[in-house]
Amino acid sequence: MKSRKLLMIPGPIEFENDVLQCMATPTPSHVDPDFIATFSNTLKLLKEVCRSPSGQVFIVAGTGTFAMDMAAANLIESGDKALVVSTGYFGLRFAEILKRYGAEVDVLEAEVGDIVPMDRIEQQLQSKTYKLLAFTHVDTSTAVLNDAKRIGALGKKHGVLTVLDGVCSVAGEDIRQDDWNIDVVLTASQKAVGVPPGLALLVASKNAIQAFEQRKSPVANYYGDWANWLPIMKAYENKQASYFGTPPVNLIMALEKSLQNIVKEGLDQRFDRHQRAGKAMRAALKAIGLEVLSKNEDIASNTLSAPYYPSQIDPSSFLQGVNKEGIVLAGGLLPELKSKYFRIGHMGSVNKSDLLGTIGAIETVLKNSGHKHELGSGTAAILKHF
Ligand SMILES: *Cc1c(COP(=O)(O)O)cnc(C)c1O
């Protein structure tokens, strides 16, 4: 019996073999000339993927949460006002992190499955002088996609630093950091970037670095302080080694490989492929009678889907059943709806057969649990999109 299962959760995702091979390569010194060249190239590639030619990249051992922590720690001083536009679990997490560094935080919370309307955001920005606005590009708890371009434009108009949590979107959804005036784009390795967990990735605009340099108080987080990391990143950019904390050498080698693959595919092609996967999966779910959390197609993310269970389905036996069919899916994440919906990741190198296998397993288990749908209708919906 085959033990291999297909990991279709919103991170960690299925990784490419050439990326995984980097993890099994004997670890060179972090000051080895070949590794210095790798690190330097990786910094350059991440700017390319975020379309941020003027950005300053930080690649640090940590997770996405640490990237959020680093943005807050370096940009917030006690008493600063921050606005969080929240579309779910990770928006609320950002509010908590900002508060930890002394920010006075207002949260605009969207209804489940919806975004916060742009005029509501603008109204709020007019009502006070905020230093920072944080939002989640794709909230992994709701599969809702925010309009990053329009939020970036509002941020610029009102002179706030705009921080985009792109942990579930970078390399999966279109992002143009420079053109859209986003001051910080942050992510982690294990989602659409396609590298095992362990890297916090962040690209800061010139404005963000300037705001950091103009701080009056020291950064209250030693490990994440840009004063410690900026010289390191600049040294490696200039093909010189430097040390603050040992870089996760193999992960950075794997990141270079994955970013090379992403750039080779072509960013536009990659975003199109994700859009096709997202559309196909939502159409398939609809065909078998499942509703998704995201309220309409315009705000539905392409990196994951979040369908409600049909009412008679028991969540844990459903997920176990699908697992027995060889597909790993994730449960709900929003505390208030945890047992009402599940999540399907479809990012990275996901292809037609992954989607077919996944919907096939879902259809089978639902059928066996008494859900009424025409067997194969979801599968057919996927096929129609390719
Ligand atoms: C996964 C995720 C995070 C947290 O990343 P970790 O690597 O788990 O710390 C933050 N924001 C979003 C949108 C995510 O999807």
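Each value, and the rule that gives it
Residues numbered from 1 in each chain as written. Predicted model: local features only at pLDDT ≥ 70, side-chain atom pairs only at ≥ 80, totals over all residues. Heavy atoms only, no water. Phe/Tyr/Trp six-rings, centres within 6.5 Å; stacked < 30°, edge-to-face > 60°. Buried < 20%, exposed > 50% of the residue type's maximum accessible area, 1.4 Å probe, protein only. Lys NZ or Arg CZ within 6 Å of the ring centre and 35° of its normal. Helix = DSSP H or I, 4+ residues; strand = E, 2+ residues; numbered from the N terminus. Arc of directions from axis to C-beta. Contact = heavy atoms within 4.5 Å. Core = buried A, V, L, I, M, F, W, Y, C linked by side-chain atoms within 4.5 Å. Near = heavy atom within 4 Å. Polar contact = N/O pair within 3.5 Å; in protein donor to acceptor, adjacent residues only side chain to side chain. Areas by Shrake-Rupley, 256 points an atom, 1.4 Å probe, with all protein chains shown as cover. Nonpolar A, V, L, I, M, F, W, Y, C, P; charged D, E, K, R; others polar. Domains from an automatic or database assignment. Buried area = accessible area lost by both parts, 1.4 Å probe. Salt bridge = Lys/Arg side-chain N within 4 Å of Asp/Glu carboxyl O.

As for the packing of aromatic side chains
Overall, the coordinates contain 13 aromatic pairs when judged by the stated rule. When the centroid spacing of 5.0 Å and the interplanar angle of 75° are considered together, the rings of Tyr89 and Phe90 count as edge-to-face. Owing to a relative accessible area of 14%, Phe90 belongs among the buried residues under this scheme. Ring pairs connect the aromatic residues Phe66, Tyr222, Tyr223, Trp229 and Phe244, which therefore count as one cluster. The ring centre of Phe386 lies 5.7 Å from the NZ or CZ of Arg276, which sits over that ring.

Digging into helix α6 (residues 148–157)
Taken as a whole, α6 has its buried residues at Ala148, Ile151, Gly152, Leu154 and Gly155. Down the axis of α6, the sector holding all buried residues measures 160°, keeping them to one side. Of the exposed residues in α6, the ones pointing more than 90 degrees away from its buried face are Lys156 and Lys157. Its buried side turned inward, α6 meets α5 (118–127), β5 (132–136) and β8 (161–165). Once α6 ends, the next one or two residues include Gly159, with phi positive near 65°.

Digging into the nonpolar core
One finds Phe58, Ile59, Leu98, Ile121 and Leu186 to be the most contacted residues of the largest nonpolar core, which totals 108 residues. Setting aside its immediate chain neighbours within four residues, Ile59 contacts Phe39, Thr42, Leu43, Leu46, Leu199, Ala200, Leu201, Met233, Ile252 and Leu255. Counting 27 residues, the second largest nonpolar core, distinct from the first, contains Ala277, Ile288, Ile313 and Val322.

Comments concerning the site of the ligand
Taken together, 14 residues lie near the ligand, and Thr63, Thr65, Thr140, Asp165 and Lys191 sit nearest. Here Gly64 contributes a backbone N or O atom positioned 2.8 Å from an oxygen atom of the ligand. At a separation of 2.6 Å, an oxygen atom of the ligand approaches a polar side-chain atom of Lys191. When isolated, the ligand has an accessible area of 380 Å², and the protein chains bury 89% of it. A per-element tally of the shell around the ligand places helix α3 (residues 64–75) first, with three residues. Residues belonging to the shell around the ligand are distributed by class as follows: six nonpolar, six polar and two charged.

Focus on the domain arrangement of the protein
Domain annotation of the protein identifies domain 1 (17–265) and domain 2 (266–384). A straight line from the C-alpha centre of domain 1 to that of domain 2 covers 28 Å. Between domain 1 and domain 2, the contact holds 32 residues from the first and 28 residues from the second. Carbon and sulfur atoms make up 58% of the surface buried where domain 1 meets domain 2, a total of about 2,400 Å² over both sides. By the criterion of area lost to domain 2, the three top residues of domain 1 are Val112, Ala143 and Glu265, representing 25% of everything that side buries. If you look at where domain 1 meets domain 2, you find five salt bridges.

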